[in-house]
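Inside the fold
Listed below are the residues making up each chain.
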Amino acid sequence: MRTALVIGTGLIGTSVALALLDAGVRVYLSDSDPGAARTAFALGAGRLDRPGVPVDLAVIAVPPAQVGAVLARAQADGLARAYTDVASVKCLPREDASRLGCDTALYVGGHPMAGRERSGPFAARADLFRGCSWVLTPDAGTAEETVALAHELVALCGAAPVTMTARAHDEAVALVSHGPHLLSALMAAQLPAAEGAVTGLAGQGLRDMVRIAGGDAGLWSDILSANAPAVAAVLEGLLVDLSVILRALRALDSEGRHDDSLARLNDLLERGRTGHRRVPAKPHTAPVTTVGLEVVVGDEPGTLGQLLAEVGAAGVNVEDLEIEHDAQGTAGTVTLTVDERSAQDLALALGQGGWRCALPGLEATRPEPLGHFAHTKRKRTSS
């Protein structure tokens, strides 16, 4: 691939353009909003002039409901040898392309499984897709050259290709992306009516829950509308469980035996724990049983780096990491998500190194409350 045209210069389109430029591809930019295209150009994402000859690949980065029409116009103008899109729904664009008479042999649907809460070209990053999955949805009529160019696009952006049917993709993202976004929005929508003192009590759990609700409402309305049947199926499954739990909670609030209601509540929570373990901590890896090792760190330069260096010296790989600060801002708790098989040895090694740490089932290393100290490590004393 030597040349590419990116149609739509929002977060995803501009990130694609930046990644391709880094790979040495000549990139042309186009957008129905000239201001967005000029912003992407000012960020160094490509050129604004029209390509004199068809480019190797046109990447259509517009909402799902617009992909078919944009593809039809681009093919009528002969802009590229092959076409793909990056919309998060795949059935609707393919159906629209067929209905509008597009040459679907030259088009393959695509969806990089990456994004940010922020939108627009200013949020774009050349490394946005590095290490992520990128779904491609060719069918029997897709030309081999089209599929090959789409695979090259994925490779140049640093992603890993995953081939699926359009329908399987839409059902999958309804469960792992669209449904979670809607549930996050539902939870966040309860907060405006709460008193200020209530939201001031929010901890990391609520922040994690509502983080993705900050996405662009107009864009997400388009996405959910385009994948409505699959998202509705996910919500129907949730509604069944929600009804069961609601009845259990109502029963626990009344007189009488509560054993059955507690069992139903516990069953849902255990199924949730099982589902949590099914989600890999990193893309393209098999799920492993992990635990969270909590380590208290002081708010001092170099402390976190020192901790990670000692974890590395212990030969333990960190699957994920979270930091929660205390109210005074003098210390915090770093939760290291590690393989369950190595967690206890790591906790003991860190404890011997002077770190205050806590691991379920290893009470001897449990830290004191954060307010009791300001530094990360216990000072060593000679015996």
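Everything in this summary refers to the structure shown in the same document. (Residues numbered from 1 in each chain as written. Predicted model: local features only at pLDDT ≥ 70, side-chain atom pairs only at ≥ 80, totals over all residues. Heavy atoms only, no water.)

**Some details on the overall build of the chain**
Counting its secondary structure elements, the chain contains 13 helices and 11 strands. Residue pairs in contact within the chain that sit at least 24 positions apart in sequence constitute 67% of those at least 6 positions apart. (Helix = DSSP H or I, 4+ residues; strand = E, 2+ residues; numbered from the N terminus. Contact = heavy atoms within 4.5 Å.)

**Looking at the nonpolar core**
In summary, soluble globular proteins display a tendency toward joint burial of nonpolar side chains. Core analysis: the biggest nonpolar cluster contains 34 residues, and M1, V16, L20, F129, W134 and L153 have the highest contact counts within it. Only β1 (3–7), α1 (11–22), β2 (26–30), β3 (55–60), β6 (133–137) and α5 (144–156) provide two or more residues apiece to this core. Once residues lying within four places of it in the same chain are set aside, the contact partners of L20 are M1, A4, V25, V27, L153 and L156. Core analysis: the second largest hydrophobic core is formed by 18 residues, L5, I7, A74 and C102 among them. (Core = buried A, V, L, I, M, F, W, Y, C linked by side-chain atoms within 4.5 Å. Buried < 20%, exposed > 50% of the residue type's maximum accessible area, 1.4 Å probe, protein only.)

**Some points on the sheet that holds strand β8 (residues 290–298)**
A sheet is described by the order of its strands in space; here four strands give the open sequence β9-β10-β8-β11, paired in antiparallel fashion. Only two strands of the sheet have a single neighbouring strand rather than two, namely β9 (318–325) and β11 (357–358). Both β8 and β11 contribute to a ladder of two bridges, which runs antiparallel. By the bridge assignment, V295 is partnered in β11 with C357. (Pairing = 2+ DSSP bridges.)

**Notes on the packing of helix α6 (residues 166–188) against helix α10 (residues 228–252)**
Two numbers describe how α6 lies on α10: the axes approach to 8 Å, and their chain directions differ by 65°. Handedness of the α6/α10 crossing: right-handed. In this structure, α6 uses D170, E171, A174, L175, H178, L182 and L183 to contact α10, whose residues at the interface are A230, V231, V234, L235 and L238. Partitioned by chemical class, the residues of the contact of α6 with α10 number nine nonpolar, one polar and two charged. (Axes fitted to C-alpha atoms, helices over the stretch in contact; angles between N-to-C directions. Left-handed = near helix turned anticlockwise from the far one by under 90°. Nonpolar A, V, L, I, M, F, W, Y, C, P; charged D, E, K, R; others polar.)

**Some details on the layout of surface pockets**
In this structure, the second largest pocket spans a volume of roughly 170 Å³. Elements that contribute at least two residues to the lining of the second largest pocket include exactly α4 (91–99), α6 and α10. When grouped by side-chain class, the residues that make up the lining of the second largest pocket number five nonpolar, one polar and four charged. (1 Å grid on protein atoms, 1.4 Å probe; cavity = no way out; pocket = protein on both sides within 12 Å on 5 of 7 lines; lining within 4 Å. Points joined across faces, edges and corners; volume = space filled by probe spheres on them.)

**Brief notes about the pairing of strand β10 (residues 331–339)**
Most of β10 is tucked away: eight of the nine residues are buried. In the sheet, β9 pairs with β10 via seven bridges, with the strands oriented antiparallel. Bridging from a neighbouring strand, D320 pairs with T337 of β10.

**Focus on the pattern of salt bridges**
For the coordinates displayed, the defined rule picks out 12 salt bridges. A salt bridge links R264 to D260; its shortest N-O distance comes to 3.0 Å. Placement of both R264 and D260 in helix α11 (residues 259–278) is noted, with a separation of four residues, approximately one turn of the helix. (Salt bridge = Lys/Arg side-chain N within 4 Å of Asp/Glu carboxyl O.)

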